Amino acid sequence: MKFSANLGFLWRELDLSDAIRAAKQAGFSDVECHWPYDTPAKEVREALKETGMTMMGLNTHPGDLDDGDFGLCALPDRMDEGRAAIDQAVAYANATGTKCIHVMAGKSKGAEAAKAFVQNLRYACERAAPFGITILIEPLNTYDVPGYFLTSTAEAQRIIDMVDEPNIKIMFDCYHMQLMQGDLSNTLRDLLPKIGHIQIASVPDRAQPDHGELDYSYVLQLIADLGYSAPIGAEYKPGKPTDQTLGWLKKYL
Ligand SMILES: O=C(O)[C@H](O)C(=O)CO
Ligand SMILES: [Mg+2]
């Protein structure tokens, strides 16, 4: 079983290139991030080359987090910003060999928001396809991000059907989905062909995946038994130095 360190949360005290090196040192096979845009792509590319790791995913720019934004791509009155965020993400992903782009919807609801999201996702799929990049959409939980457009796998499937492009999949974050839906085993089994990336964290505290209401020794074995072999994203908030939270990983090394 392989794991990708989410550097949006892990080793946050380090700059991105050093965080990539720390992840390698700790035994992760790959990395992923949230918003890498302040670090020149060349630096990240070099750190990836040095460590032999792949950047599994990055997010489109969220907009102004301090002003409550959490994505721009399902906001009908901000289409230009949504497109610019997609262009930026595709350029950065291409320059760093990143496999997936999570296109962040933002806080909105209703038919016009869905229409805007579908249009932006088609645009993203078309821009990403020549580089072999997969577009991801991720349902989030409503405790952490009230008002976010996408909160369920049913809605994610509906959006993907409407987009109707070959390179769009679901980012299945077990933490969010346990909070919103539960029934992870059946959902993972049914959805697996449509899943492009899986993430994990303890529930409900979103720390390292070795405690809480989800038994990851069971869930991870199930994922492996279903034939999923891509790296699983460790997207958790360590709450103390990351190196002190890696006991769970050692079991798989
Ligand atoms: O918060 C999450 O689960 C995400 O995966 C994300 O990319 C938004 O920060
Ligand atoms: Mg996630």
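Residues numbered from 1 in each chain as written. Chains lettered and ligands numbered in written order. Predicted model: local features only at pLDDT ≥ 70, side-chain atom pairs only at ≥ 80, totals over all residues. Heavy atoms only, no water.

1. Quick look at the packing of aromatic side chains
On inspection of all chains with the given rule, the structure shows nine aromatic pairs. The interplanar angle of 85 degrees and the centroid separation of 5.1 Å between the aromatic rings of F3 and W248 together place this pair among those described as edge-to-face. Remark: W248 occurs in helix α9 (residues 247–250) and F3 occurs in strand β1 (residues 3–6); sequence separation between them is 245 residues. On the basis of relative accessible area, F3 is assigned to the buried category, the value being 2%. By the ring-pair criterion, three or more aromatic residues cluster together here, those being F3, W11, F28, Y236, W248 and Y252. Directly above the aromatic system of Y123 lies the positively charged group of R83, at a separation of 4.5 Å from the ring centroid. (Phe/Tyr/Trp six-rings, centres within 6.5 Å; stacked < 30°, edge-to-face > 60°. Helix = DSSP H or I, 4+ residues; strand = E, 2+ residues; numbered from the N terminus. Buried < 20%, exposed > 50% of the residue type's maximum accessible area, 1.4 Å probe, protein only. Lys NZ or Arg CZ within 6 Å of the ring centre and 35° of its normal.)

2. Focus: the nonpolar core
Core analysis: the biggest nonpolar cluster contains 82 residues, and W11, F28, F117 and I198 have the highest contact counts within it. Looking at this core element by element, the count peaks at nine residues for helix α4 (residues 111–128). Setting aside residues up to four positions removed in sequence, I198 forms contacts with F172, C174, L188, L192, I223, Y228, I232 and G233. (Core = buried A, V, L, I, M, F, W, Y, C linked by side-chain atoms within 4.5 Å. Contact = heavy atoms within 4.5 Å.)

3. Focus: the UniProt feature "domain: Xylose isomerase-like TIM barrel" (unreviewed entry) in the protein chain
Annotation from UniProt places "domain: Xylose isomerase-like TIM barrel" (unreviewed entry) at residues 20–252. Overall, residues 20–252 shows 40% helix and 12% strand. The separation of its end C-alpha atoms is 19 Å. (UniProt positions renumbered as here; feature names shortened; annotations may be inferred.)

4. Observations regarding unusual backbone geometry
With an omega of 10 degrees, the peptide bond running from V203 to P204 counts as cis. Topologically, P204 is positioned in the loop between β7 (195–200) and α8 (216–225). A positive phi angle, near 50 degrees, is found at W11, a position not held by glycine. If you trace the backbone, W11 turns up in the loop between β1 and α1 (16–26). Note on W11: relative accessible area 2%, which makes it buried. Of note, the phi angle at R206 is positive, near 55 degrees, even though the residue is not glycine.

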